[in-house]
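Commentary on secondary and tertiary structure
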Amino acid sequence: MRRYSLRFVALGYLLLVLLGPLAMIFWRAFDRGAGHLWTSLSDPNTVHAFKITLIVAAIAVPLNTVFGVVCALAIVRRRFRGAGLVNAIVDLPLALSPVVVGLSLFLLYGRTGWFGHWFQAHGVQILFALPSMVIATVFVSLPFVAREVVPTLRELGDEQEQAAHTLGASGWTTFWRITLPSIRWAVIYGVVLTTARCLGEYGAVAVVSGHIEGQTETATLRVQDAYENFDVPGAYGISLVLAVMSVVVLVAMTFFKPNQEVTA
Amino acid sequence: MSIQIRDVSKRFGAFQALSGVSVDVESGSLTALLGPSGSGKSTLLRIVAGLERPDTGEILLAGSDATELAPQKRGVGFVFQHYAAFKHMTVRDNIGFGLKIRKRPRNEIRQRVQELLELVQLQGFGDRFPAQLSGGQRQRMALARALAPEPKVLLLDEPFGALDARVRAELRLWLRRLHSEAHTTTVFVTHDQEEAMEVADRVVVMNHGRVEQVSGPRELYDAPANEFVMSFVGQANRFGSSWVRPHDLRVRLAPGESTREALIERVAHLGFEVRAELVRDDGERFTVQLTRDEAENLELASGQIVYVEPTRERTFA
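Residues numbered from 1 in each chain as written. Chains lettered and ligands numbered in written order. Predicted model: local features only at pLDDT ≥ 70, side-chain atom pairs only at ≥ 80, totals over all residues.

**Looking at the overall build of chain B**
Within chain B, the secondary structure is distributed over nine helices and 17 strands. By its C-alpha atoms, chain B is 80 × 45 × 35 Å across when sized along the principal axes. Looking at chain B as a whole, 41% of its 317 residues are labelled buried. If you take every contact in chain B between residues at least 6 apart in sequence, the share linking residues at least 24 apart comes to 64%. (Helix = DSSP H or I, 4+ residues; strand = E, 2+ residues; numbered from the N terminus. Buried ≥ 20, exposed ≤ 12 C-beta atoms within 10 Å, placed from the backbone. Contact = placed C-beta atoms within 7 Å.)

**Brief notes about the domain arrangement of chain B**
Each assigned domain of chain B is listed with its residue range as follows: domain 1 (3–228) and domain 2 (238–310). Domain 1 of chain B and domain 2 of chain B are separated by 41 Å when their C-alpha centres are compared. (Domains from an automatic or database assignment.)

**So, the sheet that holds strand β17 (residues 305–310) of chain B**
Residues and elements named next belong to chain B. An order of β13-β17-β14-β15-β16 is seen for the five strands of this open sheet, with the pairing classed as antiparallel. Whereas interior strands pair on both sides, the edge strands pair on one side only; in this sheet they are β13 (249–252) and β16 (285–291). Strand-to-strand twist of the sheet, defined as the mean angle between neighbouring strand axes without regard to direction, takes the value 45°. (Pairing = 2+ DSSP bridges. Axes fitted to C-alpha atoms, helices over the stretch in contact; angles between N-to-C directions.)

**With respect to the pairing of strand β14 (residues 260–270) of chain B**
Every regular strand shows the same layout, with side chains that alternate between the two sheet faces. Residues and elements named next belong to chain B. Note that β14 and β17 share four bridges and pair antiparallel. Bridging from a neighbouring strand, Ala 262 pairs with Val 306 of β17. The turn linking β14 back onto strand β15 (residues 273–280) is made up of two residues, and Gly 271 within it adopts a positive phi angle of 70°.

**Notes on the interface of chain A and chain B**
With 17 residues of chain A at the interface, the matching set in chain B holds 23 residues. Among the elements of the structure, α10 (159–166) and α11 (171–200) of chain A are those that each provide at least two residues to the side of chain A that touches chain B.

**Re helix α13 (residues 219–228) of chain A**
Turning to α13 of chain A, its buried residues number three or more, namely Ala 219, Thr 220, Leu 221, Arg 222, Val 223 and Ala 226 of chain A. Following α13 of chain A by one or two positions, Phe 230 of chain A adopts a phi angle in the positive range, close to 60°.

**Observations regarding the domain arrangement of chain A**
Residues and elements named next belong to chain A. You can read the domains of chain A as domain 1 (1–30) and domain 2 (33–256). Of note, the centres of domain 1 and domain 2, computed from C-alpha atoms alone, are 28 Å apart. At the interface, six residues of domain 1 touch nine residues of domain 2. A class-by-class count of the residues in the side of domain 1 that touches domain 2 yields five nonpolar, no polar and one charged. (Nonpolar A, V, L, I, M, F, W, Y, C, P; charged D, E, K, R; others polar.)

**Digging into the environment of Phe 256 of chain A**
All names here are of chain A. Here Phe 256 lies in helix α14 (residues 232–256). Since 9 C-beta atoms lie within 10 Å of it, Phe 256 is described here as exposed. Each C-alpha atom of the pair Phe 256 and Ala 49 lies 30 Å from the other, and the pair is 207 residues apart in sequence.

**Concerning the sheet that holds strand β3 (residues 30–34) of chain B**
Residues and elements named next belong to chain B. Here six strands make up an open sheet; going across it, the order is β6-β7-β8-β3-β9-β10 and the pairing mixed. A strand with exactly one partner marks an edge of an open sheet, and here the two such strands are β6 (76–79) and β10 (210–215). Each strand of the sheet is rotated relative to its neighbour by a mean of 15°, with strand direction disregarded. One ladder, built from five bridges, connects strand β7 (residues 153–157) with strand β8 (residues 185–190); its direction is parallel. Opposite Leu 156, over in β8, you have Phe 188 as the bridge partner.

**A word on unusual backbone geometry**
Although it is not a glycine, His 211 of chain A sits at a positive phi angle of roughly 60°. Tracing the chain through its elements places His 211 of chain A in the loop between α12 (203–209) and α13.

**Side note on the packing of helix α3 (residues 44–77) of chain A against helix α8 (residues 130–140) of chain A**
Residues and elements named next belong to chain A. Where α3 contacts α8, the axes come no closer than 9 Å and their chain directions differ by 45°. Looking at the two axes, α3 sits oblique to α8. Note that α3 runs across α8; the crossing there is right-handed. Between α3 and α8, the contacting residues are Val 56, Ile 59, Ala 60, Leu 63 and Asn 64 on the first element and Met 133, Val 134, Thr 137 and Val 138 on the second. (Parallel < 35°, antiparallel > 145°, perpendicular 65-115°, else oblique. Left-handed = near helix turned anticlockwise from the far one by under 90°.)

What follows is the structure, given as structure tokens:
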């Protein structure tokens, strides 16, 4: 009996806070029929917003994947002073509100900011343009790969890598043939979380992008835009597409991942 | 390939793992590094492999300085206590790894891997993953993997430590046989004195980061250099101011010229041998080892008073 009530609580909670709202989005998106949904989704500004979201994600995800793996290797494998500090700093984006991140970038790259002055002198537009949106997204989605890889690397230990060295493998070969295959699921899971975070980012990008329709507007910003312009079904439509993208990525990963990693 | 270890010291934080260790390992020999845990034996082996860097001192391989050489350039095979199997690779790929790294032709790799699978009796297991093997099979795979690139030195770090007694005995014998066929210079670490004496031709006894004695198994037992070696290799009793082995004590029922009176506390029958625990009148405890016939003739029982005489004893300065 207790077993069932526990299950009931867990499932009930999931339904209430996760699946319920998702179902609502789905329901409301089709409120005025599929035709209307298609019209609002094929609006050039909406299409452009999705394009911007995907471009930003396409830059931020690979960057953070490489950084995350390198950072995890540094934290776990290299015993250096301040490894604990690096470990803590990686978590910073999780603790900071994205709006605060956006504001700090504004201060750095603004006309009177430390870097802003230099870039302006060289004719590079950072704020209210793609670069600042990428920087903001990189910042907020930075911890996920490292957070997934660090515990996996710790558990893995370094004996296999040492064995590879004694068998004649260089550091680089050992990384590609031994380390990376052993942590691949942690990396993939980190990439999925990073992607989801990039697609969903709102706060920091809202501050630095300037929110210019058809230019610096991402899909999430577009949702707000539509909502404020009383295009409620449009807002739900874009939300639906964003939700579907995330769900597809998650499901694809669960599908491809073997039930149980072969471990000894 | 000969190995010369010259005045090597190594410290981990506040712990002095090795202090001024010098050992020569002859080419083609089979040497054991024997010592209790924390004696520095594993650290020394890892330094020879290049997996640790000594704070001071040098390592010479085949007469040339290898102290700064990376492990992948030393041409040594290393076997870890916990196998260090590449879990994401099949047994075949594990064994072939060193050859693949050296970019040997695929045909040659396949052939060599097949040979090694037969050598370690893992034919038919080639396509399995390490997780599908038993501990003994995994360690045999690790041995085959270390042997594949034909290393000039084979180093084994407590290779049988994680295995149960029967498998351990089998693998010891197997290692001994392998060495007598291939004559690869082999050094293995163990804390088990019986294993060291059974397998190795030379034993390096270590304690607290220092070498206590280097000799053949027999001299080690018969002519220990000091109290530590005497008590660590084989059983030994303190007997007054000297040391004596349990089988070097004669038990009599009547007092003699040089006997000591002692009370039998316990008699244990261990098949062909009988072990008696005794206590002297001054409170010192010791063990005597007798054959079953001797014990029966004397009718030894606990609570009995006997007279004990050492037939061979040793004193150390």
